[in-house]
Amino acid sequence: MSVCFKPGYERAFGTYPLKGEDLSRAFAAAYEVGYRAFDTAQMYGNEADVGAAIRNANVPTDDMLITTKVHPDNYGNDLFIKSVEASLQALGLSRVDLLLLHWPDTSGDNRNALSLLREAKQMGLAAEIGVSNFTAAMMKEAQSFLDGEVAINQVEFHPLLDQSILLAASLECGVPLASFCSVARGEIFKHQEFDEIGQRYGKTPAQVALRWILQKGVAINTMSTKVDNMRANFDIMDFTLSSVDVGRIDSLNHTNYRCVDRTKVPWAPEWDGPSA
């Protein structure tokens, strides 16, 4: 089982774009709600703030899953390990629980970055390693290249985006997925299906969408600065969507709404399937 699916870790708290006191308050509140998995990245510019939040909250780190991601600008042989060491210093940790490549190498060849990622693990800088924003083909190649060590592929995954090709590849190669933009940055609220389904379960539209993701076998990253929303996003383990309701939500995949596309991230790869 991937570390991201250990009980309590399948629902992670994302820290982007929080910084400073906002991050510190949100971190403490999220921990109090029950979150034990926290996600950051070099690209977010808030690793030091996450480290400060951990210290300020005065909570043990041995029951937490801390994830960070290496910026593509640091994929060079002379930069990669130094950047990971700088991330650890900022976080105040001797090692990170999960270290990811944030994006595929812009060269199109991920082998060198993957080798450096494995080296970081071998040096004890990371307990587990993985990737983010990898296409189906890239994910399968990475899993083969790293001899099955890829713990996760963190990708945009929500009910309004057809990720069937990526999900099938995940099952084929044994690399589980974790979602970001899990409620499509609020876009799901424009679809009445989530509200109608939620009313039958006594759950909010967001909780319905998040439960759908979990039932697809995908871990979740969510972020909110509002405690009520944090709690609602976490409180999704006490109900199960029926196959009929899952199918109804599945039908919204044709929307192919993508939050992170090449207009926002020019270095993004050519995405799989109809959402490309």
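Visitor: I would appreciate a short explanation of the overall build of the chain in the present structure.
Guide: Looking only at helices and strands, the chain features 10 helices and 8 strands. For 276 residues, the compact-globule estimate of 2.2 N^0.38 gives 19 Å, and the C-alpha radius of gyration of the chain, at 18 Å, lies within 12% of that figure. The principal-axis extents of the C-alpha atoms in the chain amount to approximately 55 × 40 × 35 Å. With an accessible surface of roughly 11900 Å², the chain has 49% of that area assigned to carbon and sulfur atoms. Across the chain, the mean location of the 25 positive side-chain charges is 2 Å away from that of the 35 negative side-chain charges.

Visitor: Just to check I follow, could you spell out the pattern of salt bridges for this structure?
Guide: Pairing between side chains becomes possible if they bear opposite charge and their charged atoms approach one another. Scanning the model with the defined rule gives 18 salt bridges in all. Arg25 serves as the salt-bridge partner of Asp22, at 2.7 Å between the closest nitrogen and oxygen. A residue pair is termed a helical-turn pair when its members lie 3 or 4 positions apart in one helix, as Asp22 and Arg25 do in helix α1 (residues 20-33) at 3 residues. Residue class for Asp22 comes out partly exposed when judged on its relative accessible area of 44%.

Visitor: Explain the pairing of strand β1 (residues 11-14) here, please?
Guide: Each regular strand shows side chains that alternate between the opposite faces of the sheet. Residues of β1 alternate between two faces, with Arg11 and Phe13 on one and Ala12 and Gly14 on the opposite face, all of them buried. The pairing of β1 with strand β8 (residues 219-222) spans 3 bridges and is classified as parallel. By the bridge assignment, Phe13 is partnered in β8 with Thr222. Direction of pairing for β1 relative to strand β2 (residues 37-39): parallel, over a ladder of 3 bridges. Within the sheet, the bridge partner assigned to Gly14 lies in β2 and is Asp39.

What counts as what
- Residues numbered from 1 in each chain as written.
- Predicted model: local features only at pLDDT ≥ 70, side-chain atom pairs only at ≥ 80, totals over all residues.
- Heavy atoms only, no water.
- Helix = DSSP H or I, 4+ residues; strand = E, 2+ residues; numbered from the N terminus.
- Rg over C-alpha atoms; globule rule 2.2 N^0.38 Å.
- Areas by Shrake-Rupley, 256 points an atom, 1.4 Å probe, with all protein chains shown as cover.
- Lys, Arg positive; Asp, Glu negative; His and termini not counted.
- Charge placed at Lys NZ, Arg CZ, Asp CG, Glu CD.
- Salt bridge = Lys/Arg side-chain N within 4 Å of Asp/Glu carboxyl O.
- Buried < 20%, exposed > 50% of the residue type's maximum accessible area, 1.4 Å probe, protein only.
- Pairing = 2+ DSSP bridges.

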